[in-house]
Amino acid sequence: MTKRSDYPFSYTLRVRYSEIDAQSVVYNSHFVTYFDITITEYLRHLNYDYSIEAMRKTGKDFHTVKVVVDYAAPGFYDDQIHVHIRAGRVGRSSIQWQLAIFRNDEDEPITTGEVVWVYADMAAHKSEPLPEILREMLLEG
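A short tour of the structure in this document, coming up. (Residues numbered from 1 in each chain as written. Predicted model: local features only at pLDDT ≥ 70, side-chain atom pairs only at ≥ 80, totals over all residues. Heavy atoms only, no water.)

This brings us to the overall build of the chain. Helices and strands together make up the secondary structure of the chain, namely three helices and six strands. Ordering the α and β elements of the chain from the N terminus gives β-α-α-β-β-β-β-β-α. Here the C-alpha atoms of the chain give a radius of gyration of 16 Å, agreeing with the 14 Å that 2.2 N^0.38 yields for 141 residues. Out of the 141 residues in the chain, the part that is buried amounts to 43%. As presented, the chain carries roughly 8,000 Å² of accessible surface, and 48% of it is formed by carbon and sulfur atoms. Within the chain, one finds 15 positive and 21 negative side-chain charges whose respective centroids are separated by 5 Å. (Helix = DSSP H or I, 4+ residues; strand = E, 2+ residues; numbered from the N terminus. Rg over C-alpha atoms; globule rule 2.2 N^0.38 Å. Buried < 20%, exposed > 50% of the residue type's maximum accessible area, 1.4 Å probe, protein only. Areas by Shrake-Rupley, 256 points an atom, 1.4 Å probe, with all protein chains shown as cover. Lys, Arg positive; Asp, Glu negative; His and termini not counted. Charge placed at Lys NZ, Arg CZ, Asp CG, Glu CD.)

This is the structure in structure tokens:
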């Protein structure tokens, strides 16, 4: 069972009207957006410079190579959702992000997922070793 305490960081959002579909539930692709927002906020929380300026300076950025979303229950308009995140596998050039979304104060996640990033040279589109400072931040948790 996935628990909130399994994750070192969470970011809270509220489901907006524009994010629901004709069935009055969160449209499925918005969960990937929630994941992306939370990854960025987690990096900000870690004080890792994930700015456009840093990317331009180094010529390196992350490529998303995999996204998996497992839907357990719907999200509804005006739900307060808490997106929890942890680094799963931290490889030489890749990070597997593990995420879980909890609604309001519920104990069971409505959605879980995985996002895999590969650090790459943007001009060559070839993988590069992760910055050592980021590896250390993620492995310390």
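We now examine the nonpolar core. If you look at the biggest cluster of nonpolar residues, it comprises 31 residues, and the most contacted ones within it are Tyr34, Trp97, Ile101 and Leu138. Mapped onto this core, the elements with two or more residues apiece are strand S1 (9-14), helix H1 (30-45), strand S2 (60-71), strand S3 (80-90), strand S4 (94-103), strand S5 (109-121) and helix H3 (132-140). With six residues, H1 is the single largest residue contributor to this core. (Core = buried A, V, L, I, M, F, W, Y, C linked by side-chain atoms within 4.5 Å.)

Right, let's talk about H1 for a bit. Under the 1.5 Å per step criterion, the end-to-end length of H1 is 22 Å for 16 residues, consistent within 8% with the ideal 22 Å. Taken residue by residue, H1 has His30, Phe31, Tyr34, Phe35, Thr38, Ile39, Glu41, Tyr42 and Leu43 as its buried positions. Packed against the buried residues of H1 are S1, S2, S3, S4, S5 and H3. Of the residues flanking the end of H1, it is asparagine 47, one or two places downstream, whose phi is positive at about 65°. (Expected span 1.5 Å × (residues − 1). Contact = heavy atoms within 4.5 Å.)

Inspection of the secondary structure assignment puts isoleucine 95 in strand S4. On the accessibility criterion, isoleucine 95 (0% relative accessible area) is buried. Along the backbone, isoleucine 95 and threonine 64 are 31 residues apart, and their C-alpha atoms lie at a distance of 9.8 Å. When residues no more than four places from it in sequence are discounted, the contact partners of isoleucine 95 are Phe62, Ala87, Arg89, Val115, Val116, Trp117, Leu130, Leu134 and Leu138.

Counted by the stated rule, this structure contains eight salt bridges. For glutamate 41, the salt bridge is made with arginine 44, and the minimal N-O distance between the two is 2.6 Å. With glutamate 41 and arginine 44 both in helix H1, this residue pair falls three residues apart, about one helical turn. When the shortest N-O distance is used, the salt bridge between arginine 103 and aspartate 79 registers 3.6 Å. Of this pair, arginine 103 sits in strand S4 while aspartate 79 sits in the loop between S2 and S3, placing them 24 residues apart in sequence. Residue arginine 103 is classed as buried on the basis of its relative accessible area, which comes to 10%. Looking at aspartate 79, the relative accessible area reads 9%, which means it is buried. Here the residues in one salt-bridge network are Asp79, Arg103 and Glu106, joined through shared partners. (Salt bridge = Lys/Arg side-chain N within 4 Å of Asp/Glu carboxyl O.)

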